[in-house]
Amino acid sequence: MSAVIEVANISKSFGPKVVLKNVNFQVEQGESLVVMGGSGTGKTVLLRIIMGLLEPDGGHVSVDGKIIQQLSIPELFEVRKQIGMCFQMAALFDSMSVAENVGFALKRHTKMSPKEIQIRVDECLAMVGLKGSDNLRPSELSGGMKRRVGFARAIALKPKILLFDEPTTGLDPVMTDVIGRIILDLKHELGVTSITITHDLKSAFAIADRVALIFRGECIAIEKPDAFKVNPHPVVQQFLRGDADGPFLQDPPPPKRNRQEANV
Ligand SMILES: Nc1ncnc2c1ncn2[C@@H]1O[C@H](COP(=O)(O)OP(=O)(O)OP(=O)(O)O)[C@@H](O)[C@H]1O
Ligand SMILES: [Mg+2]
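Reading guide: rules and limits
Residues numbered from 1 in each chain as written. Chains lettered and ligands numbered in written order. Predicted model: local features only at pLDDT ≥ 70, side-chain atom pairs only at ≥ 80, totals over all residues. Helix = DSSP H or I, 4+ residues; strand = E, 2+ residues; numbered from the N terminus. Rg over C-alpha atoms; globule rule 2.2 N^0.38 Å. Buried ≥ 20, exposed ≤ 12 C-beta atoms within 10 Å, placed from the backbone. Contact = placed C-beta atoms within 7 Å. Core = buried A, V, L, I, M, F, W, Y, C linked by C-beta atoms within 7 Å. Domains from an automatic or database assignment. Nonpolar A, V, L, I, M, F, W, Y, C, P; charged D, E, K, R; others polar. Pairing = 2+ DSSP bridges. Axes fitted to C-alpha atoms, helices over the stretch in contact; angles between N-to-C directions. Near = placed C-beta within 6 Å.

It is worth spelling out the overall build of the protein at this point. When helices and strands are tallied, the protein shows ten helices and ten strands. Taking 264 residues into account, the globule formula puts the C-alpha radius of gyration at 18 Å, and the protein, at 20 Å, falls close to it. In terms of its C-alpha atoms, the protein occupies a principal-axis envelope of roughly 65 × 45 × 35 Å. Within the protein, buried positions represent 37% of all 264 residues. Of the contacts made within the protein by residues no fewer than 6 positions apart, 65% connect residues no fewer than 24 positions apart.

This is the structure:
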């Protein structure tokens, strides 16, 4: 297997705030990598660097053997056509209908006829359980529906690579499972290579070939789910337990109070 995405020694700071410190990993062809980490640890920043939307201070990213940071703007656009990005906030075009949002890249980057575009849009909307909502506007959608439209838009061009920034946040458990299954289907049917950021452990373990954990700007673990679950690192174990006590939080939580104290 060969690496489709290589993240090599990526560092990024904003002013004095160090966000990423020498992050290294590779994602193989057809692999599904799930990246987890606390809020504000630089997960979205990492995806933006991979997409070439943000410049790292050090290191580079290569996608399909092309170093993103060395590409001209037209070359970067070519590479981006192979990447479906599902942003954390669905980032839909408010002035466009659902169908226009999902079909946007098809209209822009392909020679598909309006009829062909409509068929592909319908296919994508059906995949995310939104069949028939073509004519709705983003303002008429719930938060979860917006996320699913963003997801349909990300897969419209049948990309080789999918980057998902918390694709299931705000969705109910059933729809979370649906999205997880779509990611798995895309992987199995089309060999899609993906990086998914999620806080949802259940869906992480369902879709991941490997799981990574970012802590204080560093990738402290990257391994198969079974190995990750028994990784003795105290931060990994605290993350898995979802416990406030431990090294995970920058600021320690207030001490636990017993019930008697709490009633005073
Ligand atoms: N353009 C920017 N300018 C300045 N600071 C930024 C910028 N983008 C991100 N940051 C900072 O970088 C840090 C990491 O942000 P990022 O959005 O990557 O976190 P995250 O891990 O995705 O968190 P969450 O789980 O809450 O989405 C935060 O402290 C954020 O304020
Ligand atoms: Mg984020």
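Turning to the environment of F215, a few remarks are in order. By secondary structure assignment, the location of F215 is in strand β9 (residues 210-215). Judged by C-beta crowding, with 19 C-beta atoms within 10 Å, F215 ranks as partly exposed. Remark: the alpha-carbon pair of F215 and D134, spanning 81 residues in sequence, is separated by 41 Å. In this structure F215 touches G37, T41, I220 and V235, once residues within four positions along its chain are discounted.

Bringing the nonpolar core into the picture now. V102, A152 and L163 are the most contacted members of the largest nonpolar core, which totals 66 residues. If one sorts the elements of this core by residue count, helix α5 (residues 143-155) sits on top with six residues. Counting residues domain by domain, this core receives three or more from each of domain 1 (28-54 + 68-82 + 159-251) and domain 2 (90-158). V102 has contacts with V121, C124, L125, V149, A152, R153 and A156, leaving out every residue within four places of it along the chain.

Attention shifts here to the domain arrangement of the protein. Assigned domains within the protein: domain 1 (28-54 + 68-82 + 159-251) and domain 2 (90-158). Taking only C-alpha atoms into account, the centre of domain 1 sits 23 Å from that of domain 2. Taken together, the 13 residues of domain 1 in the interface contact twelve residues of domain 2. The element contributing the most residues to the side of domain 1 that touches domain 2 is helix α6 (residues 173-190), with six residues. Looking at the side of domain 1 that touches domain 2 residue by residue, the classes come out as ten nonpolar, one polar and two charged.

Below, the discussion takes up the sheet that holds strand β7 (residues 161-165). Strand order in this open sheet of six strands is β6-β7-β8-β3-β9-β10, and the pairing throughout is mixed. The open sheet terminates on both sides in strands that have one partner only, identified here as β6 (83-86) and β10 (218-223). Pairwise comparison of adjacent strand axes, ignoring direction, gives a mean angle of 15° for this sheet. Strand direction decides the pairing type here: β6 and β7, joined by four bridges, are parallel. Counted as the bridge partner of G84 is L162 from β7. Against the sheet, helix α1 (residues 43-50) contacts β3 (32-37), β7, β8 (193-197) and β9, and its axis sits at roughly 155° relative to β7.

What follows covers the sheet that holds strand β5 (residues 66-67). One open sheet accounts for four strands, arranged β2-β1-β4-β5; its pairing is antiparallel. Of all the strands in the sheet, just β2 (17-28) and β5 have a single pairing partner and so form its edges. One ladder, built from eight bridges, connects strand β1 (residues 3-14) with β2; its direction is antiparallel. Pairing of K12 across the sheet is with L20, part of β2. Lying over the sheet, α1 contacts β1, β2 and β4 (58-63), oriented at roughly 120° with respect to β1.

Here the focus is the site of ligand 1. Taken together, F14, K17, V19, G37, S39, G40, T41, G42, K43, T44, V45 and Q88 make up the full set of residues near ligand 1. Contributions of two or more residues to the shell around ligand 1 are made by β2 and α1. Among the elements that make up the shell around ligand 1, the one with the highest residue count is α1 (three residues). Within the shell around ligand 1, the residues separate by chemical class into three nonpolar, seven polar and two charged.

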